[in-house]
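Descriptive analysis of the structure
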Amino acid sequence: MKQYDYLVVGSGLFGATFAYLAHKHGKRCLVIDKRTHLGGNVYCENVDGINVHKYGAHIFHTSDKEIWQFVNSIVEFNRYTNSPVANYKGKLYNLPFNMNTFYQMWGVKTPAEAASKIESQRQEVREALALQGTTEPRNLEEQALLLVGKDIFEALVKGYTEKQWGRKCTELPAFIIKRLPVRLIFDNNYFNDKYQGIPIGGYNRLIAGLLDGIETRTGVDFFENRAYWEGLAGKIVFTGKIDEYFDYCFGKLEYRTVRFEEERLDIANYQGNAVVNYTDRDIPYTRIIEHKHFEMFGQQVYDCTHTVISREYSTEWKEGMEPYYPVNDDRNSALYARYKELVDREQGVIFGGRLAEYKYYDMAPVMAAAFKQFEKEER
């Protein structure tokens, strides 16, 4: 007789959601996390009344009504709408690419003018490729140029992408950018989803609600005493690195990671927006997050007379760093496919989340995946 039905390794959104569902169905769960806090990358630290997203900006967005109703049953979400701004050589552009962006770049005022400008630049790229005997983009740069043309690519895509990946756009595969949104309307809302917002009081309240009544232990490394932890439960829900679970038997997968430079400032409003991307290659950081704008609106911004910003630096992952983004090139995709074959044969272990599945996940889809996985377990 095992002490628990499920041992959940990792308290991020997949693990916390799965544990919540299991607990509601009368299952005995233990959630462990090697960090000293719960919540994985959505964890927030309260700095003098401001909830600081310690692992980068997290904006919840979805068109899945059931998921939206579910998270709001745990904690009420606010009205935050993601409308980032791009800073290129000191000039500001609205994102995603919309009529505001095109007016700022070219002075065009109608959708027809904007569409004509973009199409003429796309045609130049198609003709250049034809001269080289091809119609298919061979790398990310050519793919992006085909999608949005030279001006937008040079100012708003190239430098940011090269900082994000640590490689030239000509060295990155074309499939990384499958599409770039072009909106011929004056709309700065980054997401097309029906619902979006931030938990009122921060993401820690969401995690606390999901794990309410469930036994949790932090500062615990599953791999330091693996046999002990595996012996506690009938099944394991594993949300960590898939290659580490299998002792790197095929080699190590690659990741990108992010370094944060946090600063508290004695001013009420630093940049007037939660997210400002710095798309110039010569600026070392990719963006600046001003955390108060996720939860404070209107006069609230000025009632809180200080602010907290985080500069984000994208870098290559090394041992001891937090792995953030999978590097989905041919080499890593092939390596993950070999690990996936082991996953399919592993008995009594459920693998879920961005590290265990080696894929980029938005928050709502990772929670939906936990729902799906739990339903599969209970059949």
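In this report, the structure presented in the accompanying data block is examined.

Calculation rules
Residues numbered from 1 in each chain as written. Predicted model: local features only at pLDDT ≥ 70, side-chain atom pairs only at ≥ 80, totals over all residues. Heavy atoms only, no water. Salt bridge = Lys/Arg side-chain N within 4 Å of Asp/Glu carboxyl O. Buried < 20%, exposed > 50% of the residue type's maximum accessible area, 1.4 Å probe, protein only. Phe/Tyr/Trp six-rings, centres within 6.5 Å; stacked < 30°, edge-to-face > 60°. Helix = DSSP H or I, 4+ residues; strand = E, 2+ residues; numbered from the N terminus. Core = buried A, V, L, I, M, F, W, Y, C linked by side-chain atoms within 4.5 Å. Contact = heavy atoms within 4.5 Å. Pairing = 2+ DSSP bridges. Arc of directions from axis to C-beta. Polar contact = N/O pair within 3.5 Å; in protein donor to acceptor, adjacent residues only side chain to side chain. Axes fitted to C-alpha atoms, helices over the stretch in contact; angles between N-to-C directions. Parallel < 35°, antiparallel > 145°, perpendicular 65-115°, else oblique. Nonpolar A, V, L, I, M, F, W, Y, C, P; charged D, E, K, R; others polar. Left-handed = near helix turned anticlockwise from the far one by under 90°.

Applying the stated criterion across every chain yields a total of 23 salt bridges. Between Arg138 and Glu142 there is a salt bridge; the shortest N-O distance is 2.5 Å. By relative accessible area, which is 11% here, Glu142 ends up buried.

We now examine the packing of aromatic side chains. Enumeration over the complete set of coordinates arrives at 30 aromatic pairs. Summarising the aromatic geometry, the rings of Tyr255 and Tyr358 are spaced 5.4 Å apart at their centres and angled 75° between planes, so their arrangement reads as edge-to-face. With a gap of 103 residues between them, Tyr255 in strand β11 (residues 255-265) and Tyr358 in the loop between β16 (349-351) and α12 (363-378) connect regions that are remote in the sequence. Each member of the pair, Tyr255 as well as Tyr358, is classed as buried. Taking the centre distance of 5.8 Å and the plane angle of 85° together, the rings of Tyr285 and Tyr313 count as edge-to-face. Taken together, the residues Tyr285 in the loop between β12 (275-278) and β13 (287-290) and Tyr313 in strand β14 (residues 307-316) connect sequence positions 28 residues apart.

To continue, consider the nonpolar core. Leu7, Phe97, Phe102, Leu156, Phe238 and Phe351 are the most contacted members of the largest nonpolar core, which totals 58 residues. Sequence-distant contacts of Leu7, defined by excluding residues within four places in its chain, comprise Leu30, Ile32, Phe222, Trp229, Ala233, Lys235, Ile236 and Val237.

So, on to the sheet that holds strand β6 (residues 85-88). Pairing is mixed across the open sheet formed by seven strands, whose spatial order is β7-β6-β12-β13-β14-β11-β15. Strands at the two margins of the open sheet, each flanked by one partner only, are β7 (91-94) and β15 (325-326). Both β6 and β12 contribute to a ladder of three bridges, which runs parallel. Paired with Val85 across the bridge in β12 is Val276.

Within helix α3 (residues 99-106) the residues assigned to the buried category are Met99, Thr101, Phe102, Met105 and Trp106. Looking straight down α3, one finds that the buried residues subtend no more than 155° of arc, so they occupy a single side. As for α3, its buried residues are in contact with β7, α4 (111-131) and α6 (150-165). For α3, the N-terminal cap is Asn98; the gap from its side-chain oxygen to the backbone nitrogen of Asn100 is 2.7 Å. Residue Gly107 follows α3 closely and has a positive phi angle near 80°.

At their nearest, the axes of α3 and α6 sit 12 Å apart, and the two run at 100° to each other. In terms of orientation, α3 and α6 fall into the roughly perpendicular class. Residues Thr101, Phe102, Met105 and Trp106 of α3 form the contact with α6, whose participating residues are Asp151, Ile152, Ala155 and Leu156. Counted by class, the contact of α3 with α6 contains six nonpolar, one polar and one charged residues.

What follows covers the side chain of Arg35. In this fold, Arg35 is placed in the loop between β2 (29-33) and β3 (44-47). A relative accessible area of 11% places Arg35 in the buried class. Here the side chain of Arg35 touches Asn41 through a polar contact of 2.8 Å, side chain to side chain.

What follows deals with the pairing of β7. Bridge count for β6 against β7 is four bridges, and the pairing is antiparallel. Its bridge partner being in β7, Tyr88 is matched across the sheet by Lys91. If you look at the hairpin formed by β6 and β7, you'll find two residues sitting between the two strands, and Lys89 has a positive phi there, around 55°.

Okay, the packing of α3 against α4 next. Contact geometry of α3 with α4 gives a least axis separation of 10 Å together with a crossing angle of 70°. Looking at the two axes, α3 sits roughly perpendicular to α4. Here α3 runs over α4; the crossing is left-handed. Between α3, through Met99, Phe102 and Trp106, and α4, the contact on the second element is made entirely by Pro111, Ala114, Lys117, Ile118 and Gln121. Residues of the contact of α3 with α4, tallied by class, amount to six nonpolar, one polar and one charged.

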